Amino acid sequence: MAFSGALTLTDLNDFLTPSQACIKPVEQVNEPQQIIEPGAATTEIVIDSSGSYYEVSATGASTNASSKGTERKLQQAQISLNDCLACSGCITSAESVLITLQSHTEVLNFLNSNPPVSTPGHNIPVLSIAPQSLASLAASLSSSSGSPVSLRRILRRVRAFSTRILGFEHVYDTTFARHIALLEHTQEFFERKRGNGKVPMLASACPGWICYAEKAHSEMLPFIARTKSPQQVMGTLVKSWFGNRWGVQPDQIYHVSVMPCYDKKLEASRQDFYNDLYSTRDVDCVITTGELELMMRDKGWDLSQPVENEGIPDFDAEIPELLSHPGTSSGSYLHSLINSITASHSSPVDLTVKSIRTSDYEEFTLRARDTGEVLFKGAKCYGFRNLQNVVRKVGREAGVQVGRGAAGRLVGMRAKKRGGEDEKGYDYVEVMACPGGCVNGGGQLKPIAQAAGQKEDEEGFTRNWQESDVQMPVPGEDNEMQGAKWGNKEWTKEVERVYWHDLPTPPPSPRPDLESPFDRADRLAVQVKIDLCHPTDGSLHESWASVMDEGAETRRRELFRTQYRAVESEVVGLAVKW
Amino acid sequence: MNGEIFNANPTVYASKRSTRKSKFEAGQSLWIDEQYQPELSSESEVEPIDEDEIFDLIRSIADPEHPNSLEELRVVSAEQIEMGDNHIMVEFTPTVPHCGMSTLIGLSIRVRLMRSLPQRFKVDIRVKPGSHQSELAVNKQLNDKERVAAALENSALVETLEKCLEPIGGPHSR
Amino acid sequence: MDVDLPYRLELISDLPGHDERAWQVAWNPTKPLLASCSADKSVRMYSYRPSDHGSKSLAFSHMGTIPTGHTKTVRSIAWAPSGKTLATGSFDSNVGIWEREDVSDSEDAGETAGDWECMTLLEGHETECKSVGYSSSGTLLASCSRDKTVWIWEVKPDADFECMGVLMEHSQDVKCVAWHPSEEILASASYDDTIKLYIDDPSEDWFCFSTLSGHKSTVWSLSWSPQGSYLASSSDDLTIRIWKRVEEHEWKSVLELRGHERSIYSISWGVGKGASENLGWLTTTGGDGKINVWEITEMQHTKDPLSATLIARISGAHDVNDVNSVSWCPRLEHPDLLATAGDDGSVKVWRVVPS
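Because the structure is a prediction, the values reported are computed rather than measured.

J.: Explain the overall build of chain A to me, and be specific about the residues and the numbers.
T.: Per the secondary structure count, chain A includes 18 helices and 14 strands. Considering chain A as a whole, with its 578 residues, one finds that 44% of them fall into the buried category. Contacts spanning at least 24 positions in sequence make up 70% of the contacts within chain A whose residues lie at least 6 apart.

J.: Tell me about the packing of helix H7 (residues 175–193) of chain A against helix H17 (residues 517–533) of chain A, and name the residues and values.
T.: Residues and elements named next belong to chain A. Across the interface, H7 lies against H17 with an axial gap of 10 Å and an inter-helix angle of 75°. When the interaxial angle is binned, H7 and H17 end up roughly perpendicular. Of the residues in H17, those touching H7 at Phe 176, His 179, Ile 180 and Leu 183 are Ala 521, Ala 525 and Val 528. Residue composition of the contact of H7 with H17, by class: six nonpolar, one polar and no charged.

J.: So what about the packing of helix H4 (residues 102–116) of chain B against helix H5 (residues 135–142) of chain B? Which residues, and what values?
T.: Helix-helix packing is characterised by the crossing angle of the two axes and by the distance between the axes. Residue and element names in this part refer to chain B. Contact geometry for H4 and H5: axes closest at 10 Å, N-to-C directions at 35°. By crossing handedness, the relation of H4 to H5 is classed as right-handed. Where H4 abuts H5, its residues Ser 102, Thr 103, Gly 106, Leu 107 and Arg 110 lie against Val 138, Gln 141 and Leu 142.

J.: Outline the UniProt feature "domain: MIP18 family-like" (unreviewed entry) in chain B, listing residues and values.
T.: The sites that UniProt annotates as "domain: MIP18 family-like" (unreviewed entry) are residues 51–125 of chain B. From the first C-alpha to the last, residues 51–125 of chain B spans 14 Å; its make-up is 31% helix and 19% strand.

J.: Hey, could you go over the pairing of strand E13 (residues 160–167) of chain C for me, with residue numbers and the actual values?
T.: All names here are of chain C. Within E13, six of the eight residues are buried, which leaves the element mostly enclosed by the surrounding structure. Pairing geometry for strand E12 (residues 150–156) and E13, over seven bridges, is antiparallel. When the sheet's bridge partners are listed, Val 155 is paired in E13 with Phe 161. Connecting E12 to the antiparallel partner E13 that follows it, the hairpin turn spans three residues, and Asp 158 within it adopts a positive phi of roughly 65°.

J.: Describe unusual backbone geometry, listing the residues and the values that go with them.
T.: The step from Val199(A) to Pro200(A) runs through a cis peptide bond, and the omega angle for that step is 5°. Look at Ser93(C): it is not a glycine, yet its phi comes out positive at around 80°. Residue placement: Ser93(C) occurs in the loop between strand E7 (85–90) and strand E8 (95–100). A positive phi is found at Asp158(C), a non-glycine position, where the angle reads about 65°. The exposure class assigned to Asp158(C) is exposed, which follows from the 10 C-beta atoms found within 10 Å.

J.: Describe the nonpolar core, listing the residues and the values that go with them.
T.: One finds Ala138(A), Val431(A) and Ala142(C) to be the most contacted residues of the largest nonpolar core, which totals 244 residues. Broken down by element, this core gets its largest block of residues, seven residues, from H7(A). Looking at which domains feed residues into this core, each of domain 2 (82–327 + 504–560) and domain 3 (446–499) of chain A supplies at least three. If sequence neighbours within four positions are ignored, Ala138(A) has contacts with Val149(A), Ser150(A), Leu151(A), Ile154(A) and Val498(A).

J.: Can you tell me about H7(A), naming the residues and giving the values?
T.: Residue and element names in this part refer to chain A. Its 19 residues place the ends of H7 26 Å apart at the C-alpha level, agreeing with the 27 Å of an ideal helix rising 1.5 Å per residue. Across the 19 residues that make up H7, a large majority, 14, are buried. Positive backbone phi, approximately 105°, marks Gly 195, located one or two places after H7.

Calculation notes
- Residues numbered from 1 in each chain as written.
- Chains lettered and ligands numbered in written order.
- Predicted model: local features only at pLDDT ≥ 70, side-chain atom pairs only at ≥ 80, totals over all residues.
- Helix = DSSP H or I, 4+ residues; strand = E, 2+ residues; numbered from the N terminus.
- Buried ≥ 20, exposed ≤ 12 C-beta atoms within 10 Å, placed from the backbone.
- Contact = placed C-beta atoms within 7 Å.
- Axes fitted to C-alpha atoms, helices over the stretch in contact; angles between N-to-C directions.
- Parallel < 35°, antiparallel > 145°, perpendicular 65-115°, else oblique.
- Nonpolar A, V, L, I, M, F, W, Y, C, P; charged D, E, K, R; others polar.
- Left-handed = near helix turned anticlockwise from the far one by under 90°.
- UniProt positions renumbered as here; feature names shortened; annotations may be inferred.
- Pairing = 2+ DSSP bridges.
- Core = buried A, V, L, I, M, F, W, Y, C linked by C-beta atoms within 7 Å.
- Domains from an automatic or database assignment.
- Expected span 1.5 Å × (residues − 1).

Below, the structure is given as structure tokens:
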């Protein structure tokens, strides 16, 4: 099994440290042998032409060559992504071996073996791409060509490549799915505030954070929003909602998503997102931005070449495209709550933002202007380090035991006297595992090294950097010590800038007959809800938040929410890495 | 990284030589009686210990994955033991060059010697040069006392080690 | 042989007590207290005072044991510069922070240690914590682990801590962390044979600004020179290296010393008692059971910027056992006092005296 060409260990800069302690390889325990005769029980392992392993009893074979009982086929060690989720050996997914199971080669293999349209067995191939991936491609293209390219143009070009070259039939971005996720997420937040669940609510969109919490901080799981991530909402949309519209079953669609993050592969592999009835996943395969870029290069596709009508918004698209939710480039979860509380509050409110050391940790406080009452306190918290502090803070405020170690067992551990703390705790934290958030995901494109080295770029590239107050590290100079670190950071800022570049998205020539993209998204979201949840009073629902009958509400939870479980894998002595 | 993942079944060689019945295998050698803790009250009571005695201590250790002793698998031999003044060097030969169990085998040898020998002995354990693809890494780990100490506080690992250290064919044999 | 050396190590006190291997000793910087930690999961505290026999002599007495409650070996201990807080790093992957309730600032040696309390527990390491250390100002705490990471915590009021950085620079087990004696520079030593140096970027995060390569095996221990312009390291390659600060952010290996037959587990650089122009005394110990003491002198007119002279040595310091830790007493009145901890579970206190 060869590694995917796009993947090397150095690409895996997921920010949680990969562990050496994968328990899977040696979990196969040899059956105890019946007779143990010192000096006689000798075995050999042979490998046949098909590459299967057999254990052969050497003495048995020589005395009784026809005896088949002495030959025992050995299992080959296999690891699935699901195994990874069930194992606490690694704290995160960044195990290159596993990623081969969800790779661009897998996508190509599938597409090659997919029977032609309208022949039996044909699956409809669908590609969904995250806006952060578009931003990464756009930033990379902009920096190499010197002229800015919008996300819309990138989406059009990716669509052209995916349909014309690869054979995808539909290509979407995931922002409408995110819109639904934000609606559901807001609804969940208010449910929790009403006492139905724990507060602070913590974001659920980052699979790195989810994995880490399940493996190392199970005490945090009740706080994590149960709302599905945009990727998985998109999975539901594609397999169920579009499937219905197209008149096909979920297993007749092959759904690939392009994500800024390796851990999204793990997310898609979760058993919660597996449809037992049709034996299919909501997202069949996840590839990273880097893998998509590699596929384009392999196929000779030049992303810098415009395609027809690429600059014109498509108001008739099946679902609204490139919805830009104001707030953060990691999904605007916090801001969607702030906006919703602001809108629902009867009197004016003031928002204050306090940066704690860096922009990766910011506190947002919403106060009523008249009374000064704190209506909401939230934080965005990105990166492993800040995540530690949030875990400590939330654990302390909520009075839950933190961690998996000897917590609380220390002799004479002093009970914390924090009664006098008058500071209000958080209502919500937008947690992301990567510093800088999703635009800096492990699957994103890397900054172009040469570009950084060229001080006098003839295309004015350098000037652009300096205008935007960006200093690229120059490899080889004495600030090399900071290169790796700052290079990444500055590049992240650039991707962030490109992400917001052509936003907000008003139509270039406003047409009065068109509703705004967000109004359309809201309307369509309700349609999705009605179509999928089948409320008995279907036509009466005008907003996502309106409560349906019990059966429909149950379906809604099944479709748009998920669950988490603490991972406490049994430790196999043979596999302990020490 | 790969190598360690797909090495669940190292090749097992037949032992051509008939097993010598040592007093250890036959019965209860003082050396492996765990109740026996050699008292080293003074240097004057130092007993000479030779390579054969060291070999007797480690020959019966079971392979972690197979119902064979390290001697039967020719992982250890008397020739691969070197005695110095209060110093012992034990060399072992992994069954296959990518044997992922090498550190566990080495650790079981170390633990057996640690439990059996007076403290004055400094023990070095290494794989036979050229016999393992991660020779240096294995040697480094086996001779890092801090790593060894921490390993011996890992209950799952210790449980596995104890199985290796049980006499083969004994009442607690697998 | 050793008799030719100008000094010798005189055993001041032999303090058995740990049930298992003693891993580290740590002198309290402000009070006459010596702490040791062990595989027996406890921390033992000893107080000392001038003995009745004479002013030069010191009497050590056990004043208490903290059972800690760590579930595995307590591998490392470190005092805060205030002398009021003790950090413990354990193989159970946690760091404990200990203070004495209602601390009186008296140096009353008669106090018991029963009132040491765990103020907080710092979790985060995935595997064994190998070393802990407070910065010179006492506002930062660093820890390192086999999980290859170095963590930096900010010490906040009310025994609260905030994680300031998780540094994933080493490719292997991190054995030791050591803070610069006056600046906020952190050094870490690793099983990957390197030493890494870190500083804070106030607007961003902590980062590694330099990697010191040269050792050919695990670097076990680090010690900064008292003035901070040198860093000494000891290794499994049986060498001691001294690294000189040649630029603000650049250190270069300037001296390599030999003098041990097995892994050198611990190194400590004290002010020493020799002539004022020397850079102090460096002591090392390790798996060969030896304690070496070197006098380090800055050279003016030779090609080597430093010279080291072995001034004292003792073999079999803890009988046949490995010696795991050596540490100079940081209190100015005892520049010639050092303590060691060994596999025999005992702590020994030595004075370097003229032969």
